[in-house]
Amino acid sequence: MMENNKRKGDLLIENIGELVTVAGSTRRGREAMRDIRVLSGPASVLIRDGKIVYAGPAADCPQVEPEVERIDAEGHCVLPGFVDSHTHLVFGGFREDEFQWRLAGESYMSIMEKGGGIAATTTATREASAEELTEAALLHLRSMLRMGVTTMEAKSGYGLDKETELRQLEVAKRLDEMQPIDVVSTYLGAHDIAPEYKGDPDGYIDFIIREMLPLVKEKGLARNVDIFTEKNVFDLEQSRRLLSAAQDMGFATKMHADEIYPLGGAGLAADLGCLSADHLLKISDKDIDKMAKSQTVSTLLPLTAFSLMDDYALARKMIDAGCAVALASDLNPGSCFSCSIPLMIALATIYMHMSVEEAVTALTINAATALGLQDEIGSIEEGKAGDVVILRYPSYKFLSYHFGMNIVETTVKGGIPYHN
Ligand code: NIG
Ligand code: FE
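Okay, so let's go over this structure. (Residues numbered from 1 in each chain as written. Chains lettered and ligands numbered in written order. Predicted model: local features only at pLDDT ≥ 70, side-chain atom pairs only at ≥ 80, totals over all residues. Heavy atoms only, no water.)

Moving on: the packing of helix α12 (residues 341-350) against helix α13 (residues 356-363). For the pair α12 and α13, the least separation of the axes is 9 Å and the interaxial angle reads 135°. With respect to each other, α12 and α13 are oriented oblique. In the crossing of α12 with α13, the sense of the turn from one axis to the other is right-handed. Counted together, Ile341, Met344, Ile345 and Thr349 of α12 and Val356, Ala359 and Leu363 of α13 form the full contact between these two elements. Of the residues contributing to the contact of α12 with α13, the split by class is six nonpolar, one polar and no charged. (Axes fitted to C-alpha atoms, helices over the stretch in contact; angles between N-to-C directions. Helix = DSSP H or I, 4+ residues; strand = E, 2+ residues; numbered from the N terminus. Parallel < 35°, antiparallel > 145°, perpendicular 65-115°, else oblique. Left-handed = near helix turned anticlockwise from the far one by under 90°. Contact = heavy atoms within 4.5 Å. Nonpolar A, V, L, I, M, F, W, Y, C, P; charged D, E, K, R; others polar.)

If you want it as structure tokens, here you go:
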């Protein structure tokens, strides 16, 4: 699926004190989210040509030629590379004033209504060149790699016209090729009603279905299609129409659902078999139940709730109901200008009542599932990508305990180590 020409290496990681594999089944809710498969060391992980060929007790590790690169983990913890399954990585400009207005009490929606918000970034992105967009995004990718992210998703949705949406997706493709993290693209043309279609959301949805989806498909620029289902943006019927058309064309689908008003987007995502429904701050009990019985991942974005000073998503309730919960950053210039994995874990474990084991699952296998990549990444298992993180501490528990700090010592992507 994700075959590419990126560098792939041979690597033996030895002297692992605690190996967290998250191996086993792919879809996880309830107690499965706490079962992260911890093996006490000494353990080893062997990667060949970018893929894991062995992960287990050091004593059973196959013999390796002396020329193969080795890392001594010094008794520290190794776990799967993190997957950030929801970001708006590629955008022009910034909205630093809006953030101060929100701190002073203005709401996200009122700023949006007076022309700020997504519309402001759309104007800036239309004006930005591919080079400018690339340079700005690279800064985030570099810090993500240092925090242990090995795969991330990047949405379009700040162009809304044909030319700029394609430019955003082309930039994402180039970013994927020019640095280690795999960048998975999602077409989010339905992020807002394009200014050219003001007052005519149905006309804009028609344009997307008629012109944009076939174009994006033909150019191979996105795997997924997403929509911002929200009051004053796109309603449930428009969402159903767009996502069904996208599925008919072979796209996987995702939704921004129940973020600000409880419209019932999560229930629709479950009905349609979307890969994920994301945000879910205002999800109903009925839809929690629907999500739990579906294949759709519940992706929670704690950094956004923090930034908007909103109540956190009910992670505990959702996990206990059986929802497969993933955590992602939502990095974007408006509602959440951060992609901090350490802060995300702190918020999830301190305020959302997730255990550190659940947070690990949410950032690895469940996040991989939210991208449809659960057979390729998200756990340390033979045949999967050699994407792992080496911490500077002996246990994964330090991820929550040493809160807000980046404790990643080395990020390994496709068998190539990047040391901090
Ligand atoms: O996921 N909610 C919609 N989209 C983004 C925010 C985009 C923006 O404010 O620029 C989000 O929060
Ligand atoms: Fe988002």
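Moving on: the site of ligand 1. The full set close to ligand 1 counts 15 residues, and Tyr108, Tyr158, His191, Glu259 and Ser335 are the nearest of them. Asp330 has a polar side-chain atom sitting 2.9 Å from an oxygen atom of ligand 1. Protein contacts shield 100% of the accessible area of ligand 1, which totals 330 Å² for the unbound molecule. (Near = heavy atom within 4 Å. Polar contact = N/O pair within 3.5 Å; in protein donor to acceptor, adjacent residues only side chain to side chain. Areas by Shrake-Rupley, 256 points an atom, 1.4 Å probe, with all protein chains shown as cover.)

Further remarks concern the side chain of Asp387. Following the sequence through the fold, Asp387 ends up in the loop between α14 (365-369) and β14 (388-391). The exposure class assigned to Asp387 is buried, which follows from its relative accessible area of 7%. Separated by 2.9 Å, the side chain of Asp387 and the backbone nitrogen of Gly414 make a polar contact. Residue contacts for Asp387: discarding those within four places in its chain leaves Pro80, Gly81, Thr150, Thr151, Ile377, Val412, Lys413 and Gly414. (Buried < 20%, exposed > 50% of the residue type's maximum accessible area, 1.4 Å probe, protein only.)

Turning next to the sheet that holds strand β13 (residues 325-327). Pairing in this open sheet of eight strands is parallel, and the strands run β6-β7-β8-β9-β10-β11-β12-β13 from one edge to the other. Bordering the open sheet on either side are β6 (82-84) and β13, each of which pairs with just one other strand. On average, each strand axis in the sheet is tilted by 25° relative to the strand beside it, whichever way the strands run. Here strand β10 (residues 252-257) runs beside strand β11 (residues 276-279); their pairing, made up of four bridges, is parallel. (Pairing = 2+ DSSP bridges.)

On to the packing of aromatic side chains. Counted according to the given criterion, the structure contains eleven aromatic pairs. An angle of 85° between the planes, with centres 6.4 Å apart, marks the rings of Phe91 and Phe94 as edge-to-face. By relative accessible area, Phe91 is classed as buried at 5%. Judged by its relative accessible area of 57%, Phe94 falls in the exposed class. With centroids separated by 6.2 Å and ring planes inclined at 75°, the aromatic side chains of Phe91 and Phe337 adopt a geometry described as edge-to-face. Of this pair, Phe91 sits in the loop between β6 and α1 (96-103) while Phe337 sits in the loop between β13 and α12, placing them 246 residues apart in sequence. Here the basic side chain of Lys231 rests over the ring of Tyr261, its NZ or CZ set 4.1 Å away from the ring centre. (Phe/Tyr/Trp six-rings, centres within 6.5 Å; stacked < 30°, edge-to-face > 60°. Lys NZ or Arg CZ within 6 Å of the ring centre and 35° of its normal.)

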